[in-house]
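# Coordinates in review
Given next are the chains, with one letter for each unit.
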Amino acid sequence: MYLGLDLGTSGLRGILVDDTGSVAGSAESNITTSSPKPGWSEQSPLDWVEACKDVAGQLRTAHGTAFSALRGIGLSGHMHGATLLDAEDNVLRPCILWNDTRASKEAQRLDQLPGMRSSSGNIVFPGFTAPKLEWVRANESDLFAKIAKVLLPKDYLRLWLTGDYVSDMSDSAGTSWLDVGARRWSEIALEQGHMSIKQMPRLVEGSEPGGELRPELQREWGVSEPVVVAGGAGDNAAAACGIGSISDGAGFLSLGTSGVLLVSRDEYAPAPETAVHCFCHSVPDRWIQMGVILSATNSLNWLSRNLGQPVGDLVASLPDDLDGPSEITFLPYLSGERTPHNDSAIRGAFLGVDISSGTADLTRAVMEGVAFAMRDCLEALKKTGTKPTTLMAVGGGARSLYWLKKLATVLNTPLTLPQGSEFGAAIGAARLAICAVNDADPDTVMMAPKIDRVIEPREDLVDAFESEYQRYRQYYSALAPFVKR
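All values reported here derive from a predicted model rather than from experimental measurement. (Residues numbered from 1 in each chain as written. Predicted model: local features only at pLDDT ≥ 70, side-chain atom pairs only at ≥ 80, totals over all residues. Heavy atoms only, no water.)

### Examining the state of the cysteines
A complete count under the given rule lists 0 disulfides for this structure. The structure places no disulfide on C52, whose sulfur is separated from the nearest cysteine sulfur, that of C95, by 16 Å. Cysteine C278 is unpaired, with the sulfur of C280 as its nearest cysteine sulfur at 8.0 Å. Taking relative accessible area as the criterion, C278 reaches 1% and is therefore assigned buried. (Disulfide = S-S within 2.5 Å. Buried < 20%, exposed > 50% of the residue type's maximum accessible area, 1.4 Å probe, protein only.)

Spelled out as structure tokens, the structure:
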């Protein structure tokens with residue numbers, strides 16, 4: 001049996017699978033995020049450990065015989081988080097998360113330094129790891145002096161599981177310290193960020209072994225044989241493994257807390273000027289390109305919280321079939337934006353709200369605004385030469401057929417829905433564990449699922465949404481000069 005652990009922003013999910021990838025059981029445990037100041041987003045790494053204990057306990061209780069046959073663990077996690085440890089592995093401060101925007105000035109400064117973009121292949125975004133360490137250096141200098149190791153969130157969990165400092169290429173690509181083309185730490189980028197290689201974990205490919213479960217945990221969990229912990233992956237690369245997107249041109253659209261449009265590539269093709277992310281894939285000699293927006297389903301969650309109505313009720317207020325564009329425009333920049341603007345200060349807005357506007361109108365506008373933001377990502381990818389002909393739709397937002405119809409029409413690209421429900425990052429992590437334990441070829445393990453349904457663009461509405469999208473694009477340029485920075 002193999003365990004895929006996906007450390008998400010809101011909780012840890014574990015999925016237990018067998019050699020064929022069939023799911024034997026799953027469990028989840030919630031994790032709390034704190035926002036002590038505007039723009040800040042933090043978690044306690046110790047909460048991740050407690051969540052892992054909880055998930056393992058649930059699986060042992062519900063699936064004891066299967067769990068005792070555990071041979072491999074794969075790890076996936078939210079990227080870019082800065083987990084800072086001293087020489088005794090004590091956590092020095094709460095982890096600064098991917099959606100934290102406090103380091104915008106540090107990111108801008110780093111991005112302008114020689115060698116940063118050329119080695120990392122990316123803009124230095126405020127949410128990346130390197131600028132967070134520069135913020136700590138400037139604002140918590142005594143703490144900065146104590147840093148012995150910097151680990152990404154899933155790799156702190158690995159440290160607890162194995163006792164080893166290890167990370168994989170895909171997750172490390174989001175630090176700004178990795179030479180993404182060469183797949184090794186960049187001495188130039190580390191030096192520019194006042195860090196050193198000795199503070200970095202050892203690197204492995206995601207499908208390779210990245211440690212072994214500690215004997216005391218093996219005994220506590222009732223596992224009879226040694227357990228390999230795979231290198232694992234950042235959450236989006238793991239999700240790509242979960243749906244079989246590892247061959248050139250294969251891609252997906254993910255509607256989660258953030259929104260991601262990802263395409264796999266057989267070659268390294270950076271284009272930082274487009275604000276497209278170019279990262280290592282979690283399997284050797286392959287890369288991924290991603291357009292990322294920071295608030296996808298999170299925009300709907302925000303609306304739900306402020307209207308005092310459950311998300312399900314908001315979605316139920318919409319018609320079954322797609323009609324024309326909304327009269328209201330929503331800009332989903334609730335936490336700033338990455339692709340294509342790289343603007344941590346920009347904020348969201350409703351435009352065109354009328355006295356007659358109601359709940360359904362606002363809900364429809366939010367979904368449409370997210371769809372237009374994903375179109376921005378598609379246009380940025382096209383500038384790099386990447387033009388997906390179809391995209392698989394995954395994530396919580398993909399449960400809304402209305403939203404998918406709107407997205408397919410705005411993108412003018414068919415969206416496919418996989419059969420079944422288990423194709424997320426946890427499954428991808430479990431597949432990486434299968435590769436690591438058995439030295440298996442990822443192409444034979446990361447198989448694409450059967451397609452349940454294809455959502456085609458509404459040809460009769462493509463032009464109307466195209467016209468509205470062009471208007472949407474102008475709002476950013478019009479409003480950005482007035483944002484407090």
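### A short note on the nonpolar core
Counting residues in each nonpolar core, the largest one holds 69 residues, and the members touching the most others are L84, L133, V150, W177, M195, F252 and M446. When residues of this core are assigned to their parent elements, the largest contribution, 9 residues, is made by helix α16 (residues 425-438). Excluding residues within four positions of it along the chain, M446 makes contact with C241, G244, I246, V283, R431, L432 and C435. Among the nonpolar cores identified, the runner-up in size contains 50 residues, and L314, F330, A371 and C377 belong to it. (Core = buried A, V, L, I, M, F, W, Y, C linked by side-chain atoms within 4.5 Å. Helix = DSSP H or I, 4+ residues; strand = E, 2+ residues; numbered from the N terminus. Contact = heavy atoms within 4.5 Å.)

### Details of the layout of surface pockets
Any space left empty among the atoms is revealed by the rolling of a water-sized probe across them. The space that makes up the second largest pocket amounts to roughly 450 Å³. Along its surface, the second largest pocket is lined by 16 residues, and S104, K105, S344, A345 and R485 are the ones closest to its centre. When its residues are assigned to classes, the lining of the second largest pocket shows 4 nonpolar, 6 polar and 6 charged. (1 Å grid on protein atoms, 1.4 Å probe; cavity = no way out; pocket = protein on both sides within 12 Å on 5 of 7 lines; lining within 4 Å. Points joined across faces, edges and corners; volume = space filled by probe spheres on them. Nonpolar A, V, L, I, M, F, W, Y, C, P; charged D, E, K, R; others polar.)

### Focus on unusual backbone geometry
With an omega of 5°, the peptide bond running from T339 to P340 counts as cis. Its location among the elements puts P340 in the loop between β20 (329-331) and β21 (349-351). In this structure, D285 is a non-glycine residue whose phi angle is positive, near 60°. Mapping D285 onto the fold places it in the loop between β18 (277-280) and β19 (287-293).

### With respect to the side chain of T416
With respect to the helices and strands, T416 occurs in strand β23 (residues 415-418). If we skip the residues at most four places from it in the chain, T416 touches L391, M392, A393, I451, R453 and V454.

### Looking at the pattern of salt bridges
Tallying each qualifying case throughout the model produces 28 salt bridges. One salt bridge connects E205 with R183, and the closest N-O pair in it is separated by 3.0 Å. One end of the pair, E205, is in the loop between β12 (202-204) and β13 (209-212); the other, R183, is in the loop between β10 (178-179) and β11 (184-185), and 22 residues separate them in sequence. Using a relative accessible area of 9% as the deciding quantity, one classes E205 as buried. (Salt bridge = Lys/Arg side-chain N within 4 Å of Asp/Glu carboxyl O.)

### Here we look at the packing of aromatic side chains
Any pair of aromatic rings gets described here by the distance separating the centres and the angle formed by the planes. One pass over the structure, following the stated rule, counts 13 aromatic pairs. Each member of the aromatic cluster is reached from another via a ring pair, and the members are F125, F128 and F279. We note K149 situated over the ring of Y165; from NZ or CZ to the ring centre the distance is 4.9 Å. (Phe/Tyr/Trp six-rings, centres within 6.5 Å; stacked < 30°, edge-to-face > 60°. Lys NZ or Arg CZ within 6 Å of the ring centre and 35° of its normal.)

### A short note on empty space enclosed by the protein
The full count for this structure, using the stated rule, is 2 cavities of 30 Å³ or more. What the largest cavity holds in volume is close to 90 Å³. If you go around the largest cavity, you meet 14 residues; those closest to its centre are P126, G127, L294, R338 and S344. Taken together, the residues of the lining of the largest cavity sort by class into 4 nonpolar, 6 polar and 4 charged. Roughly 50 Å³ of internal volume is contained in the second largest cavity. Looking at the second largest cavity, the residues that line it are T129, V150, L151, L152, S167, S172, T175, W177, W185, M200 and P201. The class makeup of the residues in the lining of the second largest cavity is 7 nonpolar, 4 polar and no charged.

### Looking at helix α5 (residues 129-139)
In terms of burial, α5 is largely enclosed, as 8 of its 11 residues are buried. Where α5 is concerned, the buried positions are T129, A130, P131, K132, L133, E134, W135 and V136.

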